[in-house]
Amino acid sequence: MDIGKVITGWFELQLPPLPEGHEVIVTYTDDLTLDPNFTDQGESDIYITSGKKGDIFCNKFNHHAFRYVKITNLSYKPESRQVKAYLIHGDYKPTATFEYSDTDLNAIHAMIQYTLKCLTFSGYMVDCPHIERAGYRGDGNASTQALQTMYDVSPVFLNWL
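Cut-offs and rules
- Residues numbered from 1 in each chain as written.
- Predicted model: local features only at pLDDT ≥ 70, side-chain atom pairs only at ≥ 80, totals over all residues.
- Heavy atoms only, no water.
- Helix = DSSP H or I, 4+ residues; strand = E, 2+ residues; numbered from the N terminus.
- Buried < 20%, exposed > 50% of the residue type's maximum accessible area, 1.4 Å probe, protein only.
- Salt bridge = Lys/Arg side-chain N within 4 Å of Asp/Glu carboxyl O.

Before going further, it helps to spend a moment on unusual backbone geometry. Although it is not a glycine, Asn73 sits at a positive phi angle of roughly 70 degrees. With respect to the helices and strands, Asn73 occurs in the loop between β5 (64–72) and β6 (83–87). Judged by its relative accessible area of 44%, Asn73 falls in the partly exposed class.

So this is what it looks like as structure tokens:
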């Protein structure tokens, strides 16, 4: 399934009644190869069904960085109404705006804003939300001026320090 945009967040899947103990595997990636095969990033969840009607899987104990989701061990392809993707990010107040007559520059600025939100949601600055959970601190140094200019992120940097 293609979510449409790379996000850092959670995936939700509504399941039909399945036998108790049935394992549904959800695998995540932000990249497809040219085949288009699913690029294994080593990110997956296993949901074990309850056997009751209306099982809903959403792992809120962990996050994933993904655009594409592969669901295996399910006998049907879920419909779009049965899946949701939740972008999770910090609730940062904007402290600056940028608007220019060049739409490309505006798009670049919007991408930078989105990326910085995705990489600081956990109270740390990370470079790869699907690999590095606590960050090695280099990203906080490299992007501190841009992030602090765009958002009020003093709690993030107090935590980061």
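Once you've had a look at it, read on.
This next bit is on the pattern of salt bridges. Side chains that carry opposite charge are capable of pairing whenever their charged atoms lie near each other. Following the criterion strictly, the structure yields 2 salt bridges and no others. Here Asp2 makes a salt bridge to Arg67, at a shortest N to O gap of 2.8 Å. One end of the pair, Asp2, is in strand β1 (residues 2–14); the other, Arg67, is in strand β5, with 65 residues separating them in the sequence. A relative accessible area of 46% means that Asp2 is categorised as partly exposed. Arg67 gets classed as partly exposed once you look at its relative accessible area, which sits at 27%. Notably, a salt bridge pairs Glu79 with Arg81, separated by 3.1 Å at the nearest N-O pair. Of the residues examined, Glu79 reaches a relative accessible area of 44% and is grouped as partly exposed. Residue classification places Arg81 among the exposed residues on the basis of a relative accessible area of 57%.

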